[in-house]
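For reference, the chains in residue letters:
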Amino acid sequence: MIDKTSPLPIYYQIQEMIRRKIESNEWEPGDMLPSERIFAENYDVSRMTVRQAVTELVNEGLLRREKGKGTFVLEPKIEQTLQGLTSFTEDMRKRGLKPGSKLLQYSVSAPSLKVAEMLQMKDNKQIYEIKRIRLADEVPMALETTYINKELVGELPQDIENHSLYYILETEKGLKLGNGEQTFESSLARQEEADYLDIQVGDPVLLIKRLTYLEDGTLFEYVKSVYRGDRYKFTIKMPR
Ligand code: 16G
């Protein structure tokens, strides 16, 4: 299987062999890989080479090393196509996953300067600030803080823990949602994010900010979400 005469580096050949075993489900999520020593003996390569191959796949998010235990196959990342303005609830349902939330904060207050600026709000107006851990099949995926211009949506129910905000806005409030504008930045998990998302401080995360407009062009929502870098990937179609 390993061709030492090939111009392809040996670590790369091992890396791709592991990838094929995962893609063909020969190795499934949760399975432990053979030890570096066994690998190295089986393929007659150095342990360093095996380590390099595994490190590449750890960095890609296919494998995870657990100290003192071994290396394990991870669940495939949730792939979200960037197309149209969708809600977290819709995104998860489309994937056959059960959407959920844990409500951390729900308040009505005057916006901070920063939020007032983002939402282009004038003095004396109020916002809803809703902070939720977003879950897929009970697993934390994102920490999301939503700021909504209260004047534009009226009274929202308090018990939104297990409800879709977009559903409430469209169905109960009769609002027509229009466009969204979203930015993506790479970032590292801070303490609070790590605690809520069940990851380590310093793990890679994606910081997503969204501005959402009603159909008539009125800006009503500013959202800051921190998504787990190990469980999420975004794809986009780019017609030429
Ligand atoms: C998504 C949106 C967020 C929106 C939420 C509504 C991103 C990055 N953010 O999480 O802006 O507020 O959906 O979700 O996609 P809900 O209808 O399930 O409450």
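Note that the coordinates shown come from a computational prediction; the quantities given were computed from them, not determined experimentally.

## Considering the overall build of the protein
So, step 1. For the protein, the helix and strand inventory stands at eight helices and ten strands.
So, step 2. Radius of gyration (C-alpha) of the protein: 22 Å, far over the 18 Å computed for a compact globule of 240 residues.
So, step 3. Relative to its 240 residues, the protein shows a buried fraction of 42%.
So, step 4. The long-range share in the protein, meaning contacts at least 24 apart out of those at least 6 apart in sequence, stands at 57%.
So, step 5. Looking at charge distribution, the protein has the averaged site of its 35 positive side-chain charges lying 2 Å from that of its 39 negative ones.

## Digging into the UniProt feature "domain: HTH gntR-type" (unreviewed entry) in the protein
So, step 1. UniProt's feature table lists "domain: HTH gntR-type" (unreviewed entry) at residues 8-76, given in the numbering used throughout.
So, step 2. Helix makes up 52% of residues 8-76 and strand 12%, and the two end C-alpha atoms of the span are 26 Å apart.

## Some details on the packing of helix α2 (residues 36-43) against helix α3 (residues 47-60)
So, step 1. Relative orientation of the contacting elements α2 and α3 amounts to 115°, with a least axis distance of 8 Å. As judged from the angle between their axes, α2 and α3 are roughly perpendicular. Crossing angle aside, the handedness with which α2 passes α3 is right-handed. Across from Glu 36, Arg 37, Phe 39 and Ala 40 in α2, the residues of α3 making contact are Arg 47, Val 50 and Arg 51.

## Observations regarding the nonpolar core
So, step 1. Grouped together as the largest cluster of nonpolar side chains are 17 residues, with contacts concentrated most on Ile 14, Ile 18, Leu 33, Phe 39 and Leu 63.
So, step 2. Sorting the residues of this core by element identifies α1 (10-23), α2 and α3 as the ones contributing at least two each.
So, step 3. Excluding residues within four positions of it along the chain, Phe 39 makes contact with Ile 14, Met 17, Ile 18, Trp 27, Leu 33, Pro 34 and Val 50.

## Comments concerning empty space enclosed by the protein
So, step 1. Tallied over the entire structure, the rule returns one cavity of 30 Å³ or more.
So, step 2. As a volume, the largest cavity reaches approximately 280 Å³.
So, step 3. In this structure, the largest cavity is lined by 22 residues; those nearest its centre are Thr 86, Phe 88, Glu 144, Arg 210 and Val 223.
So, step 4. Looking at the lining of the largest cavity, the elements with two or more residues in it are α4 (88-94), β5 (127-136), β6 (139-149), α7 (165-172), β8 (204-214) and β9 (219-228).
So, step 5. With four residues, β9 is the largest single contributor of residues to the lining of the largest cavity.
So, step 6. A per-class count over the lining of the largest cavity returns seven nonpolar, eight polar and seven charged.

## A word on the layout of surface pockets
So, step 1. Roughly 720 Å³ of volume is contained in the largest pocket.
So, step 2. Lining the largest pocket are 26 residues, with Arg 64, Leu 74, Asp 203, Arg 228 and Asp 230 sitting closest to its centre.
So, step 3. Broken down by secondary-structure element, the contributors of at least two residues to the lining of the largest pocket are α3, β1 (63-66), β2 (70-73) and β6.
So, step 4. The element contributing the most residues to the lining of the largest pocket is β1, with four residues.
So, step 5. Tallied by class, residues from the lining of the largest pocket come to ten nonpolar, five polar and eleven charged.
So, step 6. Two domains each provide a minimum of three residues to the lining of the largest pocket, namely domain 1 (10-73) and domain 2 (78-235).
So, step 7. Estimated volume of the second largest pocket: approximately 330 Å³.
So, step 8. Lining the second largest pocket are 16 residues, with Ile 22, Leu 62, Glu 75, Pro 76 and Lys 77 positioned closest to its centre.
So, step 9. Taken together, the residues of the lining of the second largest pocket sort by class into seven nonpolar, two polar and seven charged.

## Some remarks on the site of the ligand
So, step 1. Neighbouring the ligand are 16 residues, the closest being Thr 89, Glu 144, Ser 164, Leu 165 and Glu 221.
So, step 2. Within the contact set of the ligand, an oxygen atom lies 2.9 Å away from a side-chain nitrogen or oxygen of Arg 132.
So, step 3. Most atoms of the ligand, that is more than half of them, are within 2 Å of grid points of the largest cavity.
So, step 4. Of all elements in the fold, only α4, β5, α7, β8 and β9 reach the threshold of two or more residues within the shell around the ligand.
So, step 5. The element that contributes the greatest number of residues to the shell around the ligand is β9, accounting for four residues.
So, step 6. Partitioning the shell around the ligand into residue classes produces six nonpolar, five polar and five charged.

Rules used throughout
Residues numbered from 1 in each chain as written. Predicted model: local features only at pLDDT ≥ 70, side-chain atom pairs only at ≥ 80, totals over all residues. Heavy atoms only, no water. Helix = DSSP H or I, 4+ residues; strand = E, 2+ residues; numbered from the N terminus. Rg over C-alpha atoms; globule rule 2.2 N^0.38 Å. Buried < 20%, exposed > 50% of the residue type's maximum accessible area, 1.4 Å probe, protein only. Contact = heavy atoms within 4.5 Å. Lys, Arg positive; Asp, Glu negative; His and termini not counted. Charge placed at Lys NZ, Arg CZ, Asp CG, Glu CD. UniProt positions renumbered as here; feature names shortened; annotations may be inferred. Axes fitted to C-alpha atoms, helices over the stretch in contact; angles between N-to-C directions. Parallel < 35°, antiparallel > 145°, perpendicular 65-115°, else oblique. Left-handed = near helix turned anticlockwise from the far one by under 90°. Core = buried A, V, L, I, M, F, W, Y, C linked by side-chain atoms within 4.5 Å. 1 Å grid on protein atoms, 1.4 Å probe; cavity = no way out; pocket = protein on both sides within 12 Å on 5 of 7 lines; lining within 4 Å. Points joined across faces, edges and corners; volume = space filled by probe spheres on them. Nonpolar A, V, L, I, M, F, W, Y, C, P; charged D, E, K, R; others polar. Domains from an automatic or database assignment. Near = heavy atom within 4 Å. Polar contact = N/O pair within 3.5 Å; in protein donor to acceptor, adjacent residues only side chain to side chain. Sits in = over half its atoms within 2 Å of the grid points.

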